[in-house]
Amino acid sequence: MNAFPGRWVSESTVADAATARVNPLGAIDVDSETDVALPDVQGAALAIMRNVESVIDGKHSAVQIALTVLLAEGHLLIEDVPGVGKTMLAKALAKSVDCSVSRIQFTPDLLPSDVTGVSVYNQAERRFEFKPGAIFANIVIGDEINRASPKTQSALLECMEERQVTVDGHSYPLARPFAVVATQNPIEMEGTYALPEAQRDRFMARISMGYPDPASELAMLDSRDLTSPLARIDAVVTGAQLRGMMSAARSVYASGAVKEYAVAVVRATREDRDLRLGASPRATLQLIRAAKAQAALHGREYVLPDDIDSLAVAVLGHRLVPTTRALGHRSQDSAMLIEETVRRILAATPVPTGSQGRL
């Protein structure tokens, strides 16, 4: 499970690296960044999307949201039935960027130290040394995250929110960019541990792949007859360029009216009659961040209410818990009920006028 086998890092090395602002564990430099103008973000993003869509057929919307989350410096949860390309999407996205990648196969016997790392006593030097876990990478693919125990799942909480790992009283910063792309199967729940609300809230967005249309499924039979399409793609942007794209996305302007609209939508989820748990303030923050990233993807310097509307289900849906009364006999189809509820809230929330550009 270790992304850096044989790599040992002493406490002094970590301290020296923190002073030099360089991550000691093999990911890209903390301060390494290439300036990317906002108009150039769209071109680079299109190159990444074309790369991913050469592997994933007919899933433009899922690919676009996945890239939006990456540019917004968030984490992505891909939830769907087996065999529809969840892990393939995560691997294609990771392979399209020239930065460090690790994969964790979550199983019931996986330990928290397999994720974060462990301090081991070096008898030769008579001191403890830190051996980093798989979380020390720029993009971490967590496969079947709901198959790990709650104790192992909770090892990701600090990593995802604070971008650091604390082991034996010592904190180790994670290199940027840092993103977790996790998959889970919502159908086969025997022997699994559902993610608690606090864990789900760490993910910026949740998407589903869905089954491909007949034409895409037929094309898949031809493209994967002899080799995996993943073997045919290479990175199209560097890690430093990706960080520049993230900085450009953060600079996108969100007017006061658009922010008020986002707050109104999120607050409505806390008061809706069909929801037992509404979205958190973190959800409001991540909704605006994702909207900025989507605007950058489209080459815009400002956020529109349409950006909020198009991302609301993906960003808010996994944070909402419906009431038992609203569920009724639909306990196996809560995702559709939540989507309907979010769209009803969007339709009932007044859209700000004149919110294009700077108000």
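Residues numbered from 1 in each chain as written. Predicted model: local features only at pLDDT ≥ 70, side-chain atom pairs only at ≥ 80, totals over all residues. Heavy atoms only, no water.

As named in an unreviewed UniProt entry, the chain is MoxR family ATPase, taken from Cryobacterium lactosi.

K.L.:
How should the nonpolar core be read in this particular structure?
P.N.:
Where a protein is soluble and globular, its nonpolar side chains tend to be buried together. Judged by nonpolar contacts, the single largest core of 77 residues is most densely connected at Leu67 and Met245. Take this core: its biggest share by element is nine residues, from helix H11 (residues 281-297). Those residues in contact with Leu67 that sit more than four places away from it in its chain are Ala45, Ile48, Met49, Leu93 and Leu297. In this structure, Ile104, Val115, Ala148 and Leu195 belong to the second largest nonpolar core, which totals 25 residues. (Core = buried A, V, L, I, M, F, W, Y, C linked by side-chain atoms within 4.5 Å. Buried < 20%, exposed > 50% of the residue type's maximum accessible area, 1.4 Å probe, protein only. Helix = DSSP H or I, 4+ residues; strand = E, 2+ residues; numbered from the N terminus. Contact = heavy atoms within 4.5 Å.)

K.L.:
I would appreciate a short explanation of the pattern of salt bridges in the present structure.
P.N.:
Two side chains carrying opposite charge are able to pair once their charged atoms lie near each other. Scanning the model with the defined rule gives 16 salt bridges in all. Ionic pairing is found between Arg200 and Glu79, a salt bridge with its closest N-O pair at 4.0 Å. Of the two residues, Arg200 sits in helix H7 (residues 197-200) while Glu79 sits in strand S2 (residues 76-79), which places them 121 residues apart along the sequence. Both residues of the pair, Arg200 and Glu79, count as buried. In this structure, Asp274 engages Arg344 in a salt bridge whose closest nitrogen and oxygen atoms are separated by 3.3 Å. (Salt bridge = Lys/Arg side-chain N within 4 Å of Asp/Glu carboxyl O.)

K.L.:
What exactly am I supposed to notice about helix H6 (residues 150-162) here?
P.N.:
Structurally, the α-helix is built with 3.6 residues per turn, so residues lying three or four positions apart point the same way. The end-to-end C-alpha distance of H6, which contains 13 residues, comes to 19 Å, matching closely the 18 Å that a straight helix rising 1.5 Å per residue would cover. Burial in H6 covers these residues: Thr152, Gln153, Ala155, Leu156, Cys159 and Met160. Looking straight down H6, one finds its buried side chains confined to an arc of 140°; they lie on one side. Exposed residues pointing more than 90 degrees away from the buried face of H6 are listed as Lys151 and Glu162. Once H6 finishes, Arg163 follows within two positions and takes phi at roughly 55°, a positive value. (Expected span 1.5 Å × (residues − 1). Arc of directions from axis to C-beta.)

K.L.:
Looking at this structure, how should I read the sheet that holds strand S7 (residues 139-143)?
P.N.:
Sheet strands pair via backbone hydrogen bonds, and the direction of the pair is either parallel or antiparallel. Pairing in this open sheet of five strands is parallel, and the strands run S4-S7-S10-S2-S11 from one edge to the other. The outermost strands of the open sheet, each flanked by one partner alone, are strand S4 (101-105) and strand S11 (205-207). Across this sheet, the average inter-strand angle for adjacent strands is 15°, counted without regard to direction. Relative to S11, S2 is paired through three bridges, and the arrangement is parallel. Within S11, the residue paired with Ile78 across the bridge is Ile207. (Pairing = 2+ DSSP bridges. Axes fitted to C-alpha atoms, helices over the stretch in contact; angles between N-to-C directions.)

K.L.:
Whenever I open this one, the pairing of strand S5 (residues 117-122) confuses me. Can you help?
P.N.:
The side chains of a regular strand alternate between the sheet's two faces. Bridge count for S5 against strand S6 (residues 127-132) is six bridges, and the pairing is antiparallel. Each bridged residue has a counterpart across the sheet, and for Ser119 the counterpart in S6 is Phe130. Hairpin connection between S5 and S6: a loop of four residues separates the two successive antiparallel strands, and Arg126 in this loop has a positive phi of roughly 55°.

K.L.:
What exactly am I supposed to notice about the confidence of the model for the chain here?
P.N.:
Overall, the prediction assigns the chain a mean pLDDT of 86, with 87% of residues at 70 or greater. Taken together, the stretch residues 1-31 has pLDDT below 50 and engages in 71 contacts with residues farther than four places along the chain or on a different chain. (pLDDT = per-residue confidence, 0-100.)

K.L.:
Can you walk me through the pairing of strand S8 (residues 164-167) in this structure?
P.N.:
Side chains of S8 alternate between two faces, with Val165 and Val167 buried and Gln164 and Thr166 left unburied. Alignment of S8 against strand S9 (residues 170-173), held across four bridges, turns out to be antiparallel. Residue pairing for S9: Val167 is matched across the bridge by His170.

K.L.:
For this particular structure, what's the right way to read the environment of Glu33?
P.N.:
Secondary-structure assignment places Glu33 in the loop between helix H1 (11-20) and helix H2 (38-53). The class for Glu33 is partly exposed, based on a relative accessible area of 33%. Sequence-wise, Glu33 and Arg243 are 210 residues apart; in three dimensions their C-alpha atoms are separated by 5.6 Å. Excluding residues within four positions of it along the chain, Glu33 makes contact with Ala240, Arg243, Gly244 and Ser247.

K.L.:
Help me out: how do you make sense of helix H4 (residues 86-95) in this one?
P.N.:
Judged by how many residues are buried, H4 sits mostly within the fold: eight of 10 residues are covered. Within the sequence span of H4, burial applies to Lys86, Thr87, Met88, Leu89, Ala90, Ala92, Leu93 and Ala94.

K.L.:
Got a minute to help me understand unusual backbone geometry in this structure?
P.N.:
Among all residues except glycine, the phi angle is most often negative; among peptide bonds, the trans geometry is most common. Of note, the bond from Arg176 into Pro177 is cis; its omega dihedral lies within 30 degrees of zero at 0°. Considering the arrangement of structural elements, one finds Pro177 in the loop between S9 and strand S10 (179-184). Backbone geometry places Glu73, a non-glycine residue, at a positive phi of 60°. Turning to its location among the elements, Glu73 is positioned in the loop between helix H3 (60-71) and S2. Located in the positive-phi region is Arg126, a residue other than glycine, with phi close to 55°. Of note, Arg126 is situated in the loop between S5 and S6. Residue classification places Arg126 among the exposed positions, given a relative accessible area of 69%.

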